[in-house]
Amino acid sequence: MFDNGNHVALRRDGVAVVLKAPENEMPQVEYWGRNFGVPSAEDGLAALDAMTLKVTPPAEKPDAALRPSLLPQGAEAFAGRPGLEAYRGTTPVFVRWTAVETQVAEGGHELLVHAKDAVNLVGLDVRLRLAEGGLVLMDERITNIDMEHEEPLTVNWLDSVLPVPRRADHLTQFTGRWPLEKQPQTGPLPRGSVTRDCRHGKTSHESPWLFIASDGGPLFDSGEVWACHLAWSGNQTYRLDNLPQHEPLLGAGELLGPGEIQLLPGSDYATPQVCFSWSDRGLDGMAAQALRSTKDLLTCRCGTAILAPAYSTYRIELGEISSYPRGYKENGGIFCHNNPWISIVNAKIGNDSEAFNVYTRTCPAYVEQYSEVHRTEPYVYCQMVAGPEAPTPGEGKNSWLTGTAAWTFVDVSQYLLGVQPTFDGLRLEPHLPAQFTELHIEREWRGVRYVIDARRTGKASLAVDGKPVSGTTVPIAAPGTEEVHVSLNF
């Protein structure tokens, strides 16, 4: 089961995913991480077999789950949470694939898997794509192929998972309530099969947002991290299987209600996409991967769209999002409100040019040359701009109806200009492209006027009222001070 068949190697932007594709078995991930020069020849890839098996043939035991597949199941001796749980009536369905076909697509960056269980009459399609920036995107579709009986196939869950190495020993997730939401919680990697459910959608306080496994506690600028995120605004399940028989599995899937998905003959259920990220540059490297994919897959001259591709037909199970025309509103539109967030994150990881470009793509002052297309007032933000898949891309909609201006002020003042109020004083860290060589900024803060002159010299220094100050933070002015003069080199 484990070592017949060839390998599939996907490589992109410094990341590699190597899978074993046994004959008529679900492929298994042997390696996911840095592209260290993964060979193309089969004899070179075969060396990974012994490295990734806990026990090598012929010494393995029949009940040893040596290397879980893309959809781990009890039929392959997997002892954790199965990737699929389904029923016909009151009878559980334990899939055992009788035919599996694999195909490499998208210029060698995508693996397509089509599997069939001719006994239980279940079909499964898996797509694993190595996207721009090295982000791994995975989704699945299950089909009831029993065309002779009317009894539906009930799907309780269908998850996507990838393995992480044993050296990953910490797990980070998020919790908290407003105004302390999204607080990171890091601890030792739990033992056993663990799930975290969210029943109020992604925007709720109990959403974990991410599962991040790390070698030691996660750092921003260094160290290895492995993460997964469910690209879905509805109910969610995040999962971790840390069992003795195999490497830990990290994954997620939609949290389905009892009896929510009942597939009649010929019908199917498609999962939301799960995004997996590996970085050897800490959390900032993980963010850079996501931002690279965001730019390449979602961004055009008019801004960054909320999703792609847009839905072309109404989907009753999705509701309102698929009722809009392609490229408008939630169905592939460019929401101006969230573009400042993308600019902020680019600034935080040092992508200064792209941070500014994101700002200019939706800023009214910079899009006035396209007024005949934009068709909204040239001095105000609109709620959304028609996306690249719309019949009228770039056309503004619902002017004034947005919180974009407030978030753009935060972006421009605190991240592009880099004047950030903190408990210790004003932190000065500009994030502007190279053409900005000199800045003059005046900021009222705590009753004091701060007059800041900044110059790009390539060598950082800070002086307050003519006196050098270490670091990048201007100390809080003494009581009674009316004006402070600051000189910043960056």
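The coordinates are above.
Residues numbered from 1 in each chain as written. Predicted model: local features only at pLDDT ≥ 70, side-chain atom pairs only at ≥ 80, totals over all residues. Heavy atoms only, no water.

Remarks on the overall build of the protein
Then step 1. For the protein, the count of helices and strands is seven helices and 34 strands.
Then step 2. For the protein, the spread of C-alpha atoms along the principal axes amounts to about 80 × 50 × 45 Å.
Then step 3. The burial tally for the protein puts 49% of its 490 residues in the buried class.
Then step 4. Nonlocal contacts in the protein, meaning residues at least 24 apart in sequence, comprise 58% of its contacts between residues at least 6 apart.
Then step 5. When the accessible area of the protein is evaluated, it comes to approximately 23,300 Å², of which 54% is carbon and sulfur surface.
Then step 6. Between the centroid of the 42 positive side chains of the protein and the centroid of its 60 negative side chains there is a distance of 4 Å. (Helix = DSSP H or I, 4+ residues; strand = E, 2+ residues; numbered from the N terminus. Buried < 20%, exposed > 50% of the residue type's maximum accessible area, 1.4 Å probe, protein only. Contact = heavy atoms within 4.5 Å. Areas by Shrake-Rupley, 256 points an atom, 1.4 Å probe, with all protein chains shown as cover. Lys, Arg positive; Asp, Glu negative; His and termini not counted. Charge placed at Lys NZ, Arg CZ, Asp CG, Glu CD.)

Topic: unusual backbone geometry
Then step 1. Following Ala308, the chain continues into Pro309 via a peptide bond in cis, with omega recorded as -5°.
Then step 2. Locating Pro309 in the fold gives a position in the loop between strand S23 (303-304) and strand S24 (334-335).
Then step 3. With phi around 60°, Arg375 is a residue other than glycine that occupies positive phi space.
Then step 4. Looking at the element boundaries, Arg375 is found in the loop between helix H6 (371-374) and strand S25 (382-385).
Then step 5. A residue is classified by how much of its surface remains accessible, and Arg375, at 62% relative accessible area, is exposed.
Then step 6. In this structure, Trp400 takes a positive phi of about 75° despite not being glycine.
Then step 7. By the secondary structure assignment, Trp400 is in the loop between strand S26 (396-399) and helix H7 (404-416).
Then step 8. For Trp400, a relative accessible area of 57% puts it in the exposed group.

A few points about the pairing of strand S15 (residues 211-214)
Then step 1. Side chains Phe211 and Ala213 of S15 all project onto a buried face; the interleaved residues Ile212 and Ser214 project onto the opposite face, where all are buried too.
Then step 2. Across three bridges, the pairing between strand S12 (residues 170-175) and S15 is antiparallel. What sits directly across from Thr172, in S15, is Ile212.
Then step 3. By the bridge criterion, four bridges tie S15 to strand S16 (residues 225-231) in an arrangement that is antiparallel. Looking at the pairing, Ser214 lines up with Val225 of S16. (Pairing = 2+ DSSP bridges.)

Regarding empty space enclosed by the protein
Then step 1. All chains considered together, the criterion is met by five cavities of 30 Å³ or more.
Then step 2. Each pocket or cavity is described by its volume, and for the largest cavity that value is around 170 Å³.
Then step 3. What lines the largest cavity is a set of 20 residues, and nearest its centre among them are Arg361, Thr362, Val367, His374 and Gly394.
Then step 4. Going through the elements one at a time, helix H5 (352-362), H6 and S25 are the ones with two or more residues in the lining of the largest cavity. (1 Å grid on protein atoms, 1.4 Å probe; cavity = no way out; pocket = protein on both sides within 12 Å on 5 of 7 lines; lining within 4 Å. Points joined across faces, edges and corners; volume = space filled by probe spheres on them.)

Notes on the packing of helix H4 (residues 339-348) against H5
Then step 1. At a closest axis distance of 7 Å, the pairing of H4 and H5 adopts a crossing angle of 165°. By the angle between their axes, H4 is roughly antiparallel relative to H5. In this structure, the crossing between H4 and H5 has a hand that is left-handed. Within the contact between the two elements, H4 uses Asn339, Ile342, Ser343, Asn346 and Ala347 and H5 uses Asp352, Glu354, Ala355, Val358, Tyr359 and Thr362.
Then step 2. Here the contact of H4 with H5 is composed, by residue class, of five nonpolar, four polar and two charged. (Axes fitted to C-alpha atoms, helices over the stretch in contact; angles between N-to-C directions. Parallel < 35°, antiparallel > 145°, perpendicular 65-115°, else oblique. Left-handed = near helix turned anticlockwise from the far one by under 90°. Nonpolar A, V, L, I, M, F, W, Y, C, P; charged D, E, K, R; others polar.)

A closer look at the layout of surface pockets
Then step 1. Of the pockets and cavities examined, the second largest pocket occupies roughly 320 Å³.
Then step 2. Counting only elements with at least two residues in the lining of the second largest pocket, the list comes to strand S3 (28-34) and helix H2 (47-52).
Then step 3. Here the lining of the second largest pocket takes six residues from S3, the largest share from any one element.
Then step 4. Across the lining of the second largest pocket, the residue classes tally to 11 nonpolar, two polar and six charged.

Thoughts on the side chain of Gln28
Then step 1. As for its placement among the helices and strands, Gln28 is situated in strand S3.
Then step 2. Taking the relative accessible area as the measure of exposure, Gln28 reaches 1% and is therefore buried.

Topic: the environment of Ser277
Then step 1. Turning to its location among the elements, Ser277 is positioned in strand S21 (residues 273-279).
Then step 2. By relative accessible area, which is 5% here, Ser277 ends up buried.
Then step 3. C-alpha separation for the pair Ser277 and Thr376, spaced 99 residues apart in sequence, amounts to 39 Å.
Then step 4. Not counting residues up to four positions away in its chain, the partners in contact with Ser277 are Trp32, Leu135, Val225, Trp226, Ala227, Met286 and Gln289.

Quick notes on the sheet that holds strand S32 (residues 467-468)
Then step 1. Read across the open sheet, the five strands follow the order S29-S30-S34-S31-S32; overall the sheet is mixed. Where the open sheet ends on each side, the last strands, each with one partner, are strand S29 (438-445) and S32.
Then step 2. As paired strands, strand S30 (residues 448-455) and strand S34 (residues 483-489) are joined by seven bridges and run parallel to one another. If you follow Tyr450 over to S34, its bridge partner there is Val484.

Comments concerning H5
Then step 1. For H5, the tally of buried residues reaches nine of 11 residues, placing the bulk of the element in the interior.
Then step 2. Looking at H5, one finds that the buried residues are Asp352, Glu354, Ala355, Phe356, Val358, Tyr359, Thr360, Arg361 and Thr362.
Then step 3. The elements touched by buried residues of H5 are helix H3 (282-298), strand S22 (299-300), S23, H4 and H7.

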